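# Examination of the molecular architecture
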Amino acid sequence: MIAEDIAAGFQALAHPLRVQAISMLVTAGDAGLAAGAISTELGVAKNTLSPHLVVLARAALVSSKRNGRSIIYRADLQQLQRLWMAFPLSEEVKLHLSASSKR
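Right, let's walk through the structure included here. (Residues numbered from 1 in each chain as written. Predicted model: local features only at pLDDT ≥ 70, side-chain atom pairs only at ≥ 80, totals over all residues. Heavy atoms only, no water.)

### Notes on the nonpolar core
This is how the line gets drawn: We call a set of buried residues a nonpolar core when its members are Ala, Val, Leu, Ile, Met, Phe, Trp, Tyr or Cys and they connect through side-chain atoms within 4.5 Å of each other. Exposure classes here rest on a 1.4 Å probe applied to the protein chains alone. A residue is buried below 20% of its type maximum, exposed above 50%, and partly exposed in between. Secondary structure follows DSSP: runs of H or I at least 4 residues long count as helices, runs of E at least 2 residues long count as strands, and numbering of each begins at the N terminus. Should any heavy atoms of two residues lie within 4.5 Å, those residues are counted as being in contact.
Ile-38, Leu-42, Leu-53, Leu-56 and Leu-61 are the most contacted members of the largest nonpolar core, which has 19 residues in total. Listing elements by their share of this core, those giving two or more residues are α1 (3-12), α2 (16-28), α3 (35-42), α4 (46-58), β3 (70-75) and α5 (77-86). Counting residues per element, this core draws most heavily on α2, which supplies five residues. Once residues lying within four places of it in the same chain are set aside, the contact partners of Ile-38 are Ala-21, Met-24, Leu-25, Leu-33, Leu-49, Leu-53 and Tyr-73.

Given below as structure tokens:
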């Protein structure tokens with residue numbers, strides 16, 4: 001994963017609504033969730049949520065498939081894992097995080 005891909009992935013997650021949506025999709029697993037169900041659960045209008053789902057899709061963090069009148073979104077767990085694993089942390093930061101987690 002190159003630096004531009006890493007930056008795009010984290011940029012896509014740089015909004016609270018998108019973080020909430022991706023969290024719901026990760027929890028939903030392979031079944032995914034309809035856009036309408038996500039908007040209802042988050043308490044936002046569908047036309048407010050839609051551009052956020054597009055941002056996540058462009059960053060390849062979610063995929064979508066039409067099912068009748070609904071669009072089902074699924075988190076790409078492999079892409080999310082690659083994003084996290086590719087995040088370039090210096091050894092100093094890794095040591096700090098490791099020490100912090102032991103407190």
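Resuming the write-up.
### Quick notes on the sheet that holds β3
Note the cut-off: Whether two strands pair depends on DSSP finding at least two bridges between them. Note on geometry: axes are C-alpha line fits, over the in-contact stretch for helices, and angles between N-to-C directions span 0 to 180 degrees.
With antiparallel pairing, the three strands of this open sheet are ordered in space as β1-β3-β2. The open sheet is flanked by β1 (33-34) and β2 (62-67), the only strands paired with a single partner. The pairing of β1 with β3 spans two bridges and is antiparallel. Residue Leu-33 lies in a different strand from β3, and its bridge partner there is Tyr-73. Against the sheet, α2 touches β1, β2 and β3, its axis set at about 85° to β3.

### Quick look at the pairing of β2
Where β2 and β3 come together, six bridges link them in antiparallel fashion. Paired with Arg-66 across the strands is Ile-71, a residue of β3.

### Focus: the layout of surface pockets
Where empty space is left in the structure can be found by rolling a water-sized probe over the atoms. Applied cut-off: Using only the protein atoms, space was sampled on a 1 Å grid; points where a 1.4 Å probe fits but cannot get out form cavities, open sets with protein on both sides within 12 Å along at least five of seven lines form pockets, and lining residues are those with an atom within 4 Å of a point. Grid points are joined across faces, edges and corners, and a volume is the space filled by probe spheres set on the points. For this scheme, ten residues count as nonpolar: Ala, Val, Leu, Ile, Met, Phe, Trp, Tyr, Cys and Pro. Four count as charged, namely Asp, Glu, Lys and Arg, and the remainder, Gly too, count as polar.
Approximately 220 Å³ is the volume found for the largest pocket. For the largest pocket, the full set of lining residues is Ala-34, Ala-35, Gly-36, Lys-46, Leu-49, Ser-50, Leu-53, Arg-66, Arg-69, Ser-70, Ile-71 and Tyr-73. Those elements that place two or more of their residues in the lining of the largest pocket are α3, α4 and β3. The greatest single-element share of the lining of the largest pocket, amounting to four residues, is contributed by α4. Looking at the lining of the largest pocket residue by residue, the classes come out as six nonpolar, three polar and three charged.

### Thoughts on unusual backbone geometry
Note: most residues except glycine have negative phi, and most peptide bonds are trans. The residue Ala-60 is not glycine, and still its phi comes out positive at about 65°. Within the secondary structure, Ala-60 is located in the loop between α4 and β2. Judged by its relative accessible area of 34%, Ala-60 falls in the partly exposed class.

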